[in-house]
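Summary of the model geometry
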Amino acid sequence: MGSFHLMRMSLRNLFRKPATKMYPVVPPAYTSRSKGLVSNDIKGCILCNVCPSRCPTHAITVNKQDETWTIDRFACIQCLSCVRNCPTKCLTMEPEYAKPSREKSLVTVRKPELTPEEKLAKEAAERKKAERIAQAMAAKAARDAAKAEGEGTGAEG
Ligand code: SF4
Ligand code: SF4
């Protein structure tokens, strides 16, 4: 009875369509909810290092010096943590799978060179930021000094 059942199953499977797909020869049908490739619109990336710190598999690295963002496609488990936590929303999950490869497929994107106008705007923004920080520190120092003086007067009285 057992061998008859086994033979029947084997014969049936011989004429069935395979359960697996011939990826990548036969392209898969992607849906809008398919999760595959994390993509970075690098113009919006501020190299803040949030995505590497939120990635459970350490698939992402950020190099501030070289202004590059790198992802190891085969280490990514498509958990979406980086996409959800990116402060500038420059990361997206594309409905497409990584191509099979024998090598580690590291993908690196570099921030584009700034135009002269963008450079000037960036420098101006940095100067303003430095001024704001200096003003805030001066105000804090003045507050601390006033407080210390008040405490000193109170102790004498
Ligand atoms: S989707 Fe998840 S595993 Fe993939 S890079 Fe982002 S945080 Fe890492
Ligand atoms: S979290 Fe977003 S802005 Fe920050 S480094 Fe990653 S991709 Fe760039």
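Here is what the cut-offs are and how they apply
- Residues numbered from 1 in each chain as written.
- Chains lettered and ligands numbered in written order.
- Predicted model: local features only at pLDDT ≥ 70, side-chain atom pairs only at ≥ 80, totals over all residues.
- Heavy atoms only, no water.
- Buried < 20%, exposed > 50% of the residue type's maximum accessible area, 1.4 Å probe, protein only.
- Helix = DSSP H or I, 4+ residues; strand = E, 2+ residues; numbered from the N terminus.
- Pairing = 2+ DSSP bridges.
- Axes fitted to C-alpha atoms, helices over the stretch in contact; angles between N-to-C directions.
- Core = buried A, V, L, I, M, F, W, Y, C linked by side-chain atoms within 4.5 Å.
- Contact = heavy atoms within 4.5 Å.
- Polar contact = N/O pair within 3.5 Å; in protein donor to acceptor, adjacent residues only side chain to side chain.
- Near = heavy atom within 4 Å.
- Nonpolar A, V, L, I, M, F, W, Y, C, P; charged D, E, K, R; others polar.
- Phe/Tyr/Trp six-rings, centres within 6.5 Å; stacked < 30°, edge-to-face > 60°.
- Domains from an automatic or database assignment.

Judged by which residues are buried, strand S2 (residues 60–63) turns out to be one-sided: Ile60 and Val62 face inward and are buried, whereas Thr61 and Asn63, on the alternate face, are not. In sequence, S2 turns back onto strand S3 (residues 68–72) through a hairpin of four residues, with Glu67 there showing a positive phi of about 55°.

What follows covers the sheet that holds S3. If you walk across this open sheet you meet the three strands as S2-S3-S5, and the pairing is antiparallel. Each of the sheet's edge strands pairs with one partner strand only, and the pair in question is S2 and strand S5 (106–110). In this sheet, adjacent strand axes meet at a mean angle of 15° when their direction is disregarded.

Formed by 20 residues in total, the largest nonpolar core has its most connected members in Val38, Cys51, Ile60, Trp69, Cys82 and Leu91. Of all elements in the fold, only S2, S3, helix H3 (81–85) and strand S4 (91–94) reach the threshold of two or more residues within this core. Residues contacting Cys51, with those up to four places away along its chain left out, are Ile60, Val62, Trp69, Cys82 and Leu91.

Its location among the elements puts Ser34 in the loop between helix H1 (2–15) and strand S1 (37–40). Relative accessible area serves as the criterion here: at 12%, Ser34 is assigned to the buried category. In terms of polar contacts, Ser34 uses its side chain to reach the backbone amide nitrogen of Thr31, at 2.8 Å. Here Ser34 is in contact with Glu94, Pro95 and Tyr97, once residues within four sequence places are set aside.

Neighbouring ligand 2 are 15 residues; Cys45, Ile46, Cys48, Cys51 and Cys86 lie closest to it. Of the residues in the shell around ligand 2, the class split is 12 nonpolar, three polar and no charged.

Our next topic: the packing of aromatic side chains. Per the counting criterion, the structure on display carries two aromatic pairs. Here the aromatic rings of Tyr23 and Tyr97 are separated by 6.2 Å at their centres, their planes lie at 80°, and the arrangement is edge-to-face. In this pair, Tyr23 is assigned in the loop between H1 and S1 and Tyr97 in the loop between S4 and S5, connecting sequence segments 74 residues apart. With centroids separated by 5.0 Å and ring planes inclined at 65°, the aromatic side chains of Tyr30 and Tyr97 adopt a geometry described as edge-to-face. Of the two residues, Tyr30 sits in the loop between H1 and S1 while Tyr97 sits in the loop between S4 and S5, which places them 67 residues apart along the sequence. With a relative accessible area of 32%, Tyr97 lands in the partly exposed category. Here a set of aromatic residues connected by ring pairs shows up, and it is made of Tyr23, Tyr30 and Tyr97.

This brings us to unusual backbone geometry. Cis geometry is found at the peptide bond from Tyr23 to Pro24, where omega equals 5°. Along the chain, the position of Pro24 falls in the loop between H1 and S1. The phi dihedral of Gln78 falls on the positive side, at around 55°, and the residue is not glycine. Looking at the element boundaries, Gln78 is found in the loop between S3 and H3. We classify Gln78 as partly exposed; its relative accessible area is 23%. At Leu80, a position not held by glycine, the phi torsion is positive, near 75°. Of note, Leu80 is situated in the loop between S3 and H3.

Attention now goes to the domain arrangement of the protein. Taken domain by domain, the protein comprises domain 1 (31–112) and domain 2 (114–148). Look at where the C-alpha atoms of domain 1 and domain 2 centre, and you get two points 32 Å apart.

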